[in-house]
Amino acid sequence: MRASILDWLGQHPLVFQLVGIAIGAFAVTVGYLIAKRYVVAWLGRLVKRTETDWDDALHHNKVFVRLAYLVPALLVYYGEQLVPGIGEGLDALIQRAAVAAIIWAAALAAGGFLSAANEIYRSHPMAKTRPIKGYLQIAKIVLYLLAAVAVVAVLIGQSPLLFLSGIGAMTAVLMLVFKDTLLSLIASIQITSTDMVRVGDWIEMPQFGADGDVVDIALHTVKVQNWDKTITTIPTYKLIEGSFKNWRGMSESGGRRIKRSINLDISSIRFLTERDIERYERFALLTDYIRERKGDITAANEDEASAGDERVNRRNLTNIGTFRAYVVNYLRNHPRLHGRMTLIVRQLQPTPNGVPIEIYTFSGETEWVAYEGLQSDIFDHLLAIVPEFDLRIFQSPSSHDFAAFARARGEVGGAA
């Protein structure tokens, strides 16, 4: 029976050839399915059971899947010779196509391996200061470019050197096509070598609307997750061309600046009376200040006794100066402020909105939520303590103020 079938196929070469092609196609398909659905799936389960990270990275970046593409290409390359009746021209074409597929599948697997290498590298602390993603992307571009040249050369039966020798004549075109890539490569080298930006840094770049944490540094782009959770993508070379603010120095110093003013009503500023001085001397944060200033003022006034007893001829304490001293001592004794950084409480130039008292100090909290909470607590206290010094916070009149004024005028008018 078998001999008769072979004899019949020998008498019909076209049918024999089609049967051989069908069997070959079936074998290639089965081989690919076995490699992808069983071998790769088995490797995936094996990877999950191991404790190492490198095999997880290879599986995640589809290195095993891409290697599975080699199976059908190799089956075509070696199995094509078993198909009867294929002419030399078709045989050479199939061989070239199989070699081209092998080259491209190997290039894809190598690209996945580079991605896995970057994933493994990012798990190390050094990756935050020395990212290599941009360099690996350049390596991928070169890899795929060489693979493409090799594939074309194999398909047309020419040496790859023939294409590479013609690149010199295409330099201008390549420079134009890969302009952004070249600029980004140079920028990546500068950013890495000077340590300008790291993943996790908080940067501000208003011209691009970026204000948040750097989440990715690639060859062409830097991704910034803004505080509203939107993503801003900045061309890498723009970080070199323009200017941006990096808050890393603040985070590493352990202190975050507080710079805010309280506007005091000028009409509420006055000299202290003896009764006021005795009262403020009982404030724990003002005891030493009052005693020291009382001694200085007494000595100065004794030297100027000939000027008379008029108050304007003598030195006096003021409620605004005493308030500034209170704020200084309050901040110096605050446990959550950075004690080794600058602390200034200064009076700025008077404005139509009152006299600004500016607090310039540094919080020991650098995390945003904790910092804002601390700053609010400090000014809650200062705003509440201001009336103790017979000072008033300046604010523009509101409808409540106008209503109170109208009621007062009505009462005065009614009394008249």
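Note that the coordinates shown come from a computational prediction; the quantities given were computed from them, not determined experimentally. The residue numbering used here restarts from 1 in each chain and proceeds along that chain's sequence as written. Selection of residues for local features in this predicted model requires a pLDDT of at least 70, selection of side-chain atom pairs for listing and counting requires 80 or more, and totals for whole chains, interfaces and linings are taken over all residues. Side-chain numbers come from the whole structure's heavy atoms, not from hydrogens or water.

Peer 1: Help me out: how do you make sense of the overall build of the chain in this one?
Peer 2: What the chain contains, in helices and strands, is 17 helices and 8 strands. For each residue, the accessible area found with a 1.4 Å probe, counting protein chains only, is set against the maximum for its type, and the residue is called buried under 20%, exposed over 50%, and partly exposed in between. Looking at the chain as a whole, 31% of its 416 residues qualify as buried. Any two residues whose heavy atoms approach within 4.5 Å are treated as being in contact. Taking as baseline every contact in the chain between residues at least 6 positions apart, the subset at least 24 positions apart corresponds to 66%. Here the accessible surface of atoms and residues is derived via Shrake-Rupley with a 1.4 Å probe, and residues count as covered only by protein chains that are part of the display. Counting only carbon and sulfur atoms, one obtains 61% of the accessible surface of the chain, whose full area is about 25,400 Å². Each helix corresponds to a stretch of at least 4 residues labelled H or I by DSSP, and each strand to a stretch of at least 2 residues labelled E; elements are numbered beginning at the N terminus.

Peer 1: What is the right way to look at the nonpolar core in this model?
Peer 2: The nonpolar side chains of a soluble globular protein tend to be buried, and buried together. One finds Leu264, Leu286, Phe323, Leu331, Ile378 and Phe389 to be the most contacted residues of the largest nonpolar core, which totals 33 residues. Going through the elements one at a time, β6 (256-264), α13 (274-281), α14 (287-303), α15 (319-332), β8 (355-363) and α16 (368-385) are the ones with two or more residues in this core. Top element by residues in this core is α15. It accounts for 8 residues. Ignoring sequence-local partners within four residues, the contact set of Leu331 consists of Leu337, Leu343, Val345, Ile359 and Ile378. Take the buried residues of types Ala, Val, Leu, Ile, Met, Phe, Trp, Tyr and Cys, join any two whose side-chain atoms come within 4.5 Å, and each joined set is a nonpolar core.

Peer 1: Just to check I follow, could you spell out the packing of α15 against α16 for this structure?
Peer 2: Between two packed helices, both the angle of their axes relative to each other and the distance between the axes serve to describe the pair. Only the contacting stretch of a helix is used when fitting its axis, a line to C-alpha atoms as for every element, and angles between N-to-C directions run 0 to 180 degrees. One can describe the packing of α15 onto α16 by two numbers: an axis separation of 12 Å at closest approach and a directional angle of 150 degrees. One element, α15, and the other, α16, form an angle in the roughly antiparallel class. Our pair here, α15 against α16, has a crossing hand that is right-handed. Residue-level contacts link Phe323, Tyr326, Val327, Tyr330 and Leu331 of α15 to Asp377, Ile378, His381, Leu382 and Ile385 of α16. Three categories are distinguished: nonpolar for Ala, Val, Leu, Ile, Met, Phe, Trp, Tyr, Cys and Pro, charged for Asp, Glu, Lys and Arg, and polar for the others, with Gly belonging to the last. Each residue belonging to the contact of α15 with α16 can be placed in one class, and the counts come to 8 nonpolar, 1 polar and 1 charged. Angle categories are assigned with fixed cut-offs, so that under 35 degrees is roughly parallel, over 145 is roughly antiparallel, 65 to 115 is roughly perpendicular, and the rest are oblique. Each crossing gets its handedness from the near helix: less than a right angle anticlockwise from the far helix is left-handed, clockwise is right-handed.

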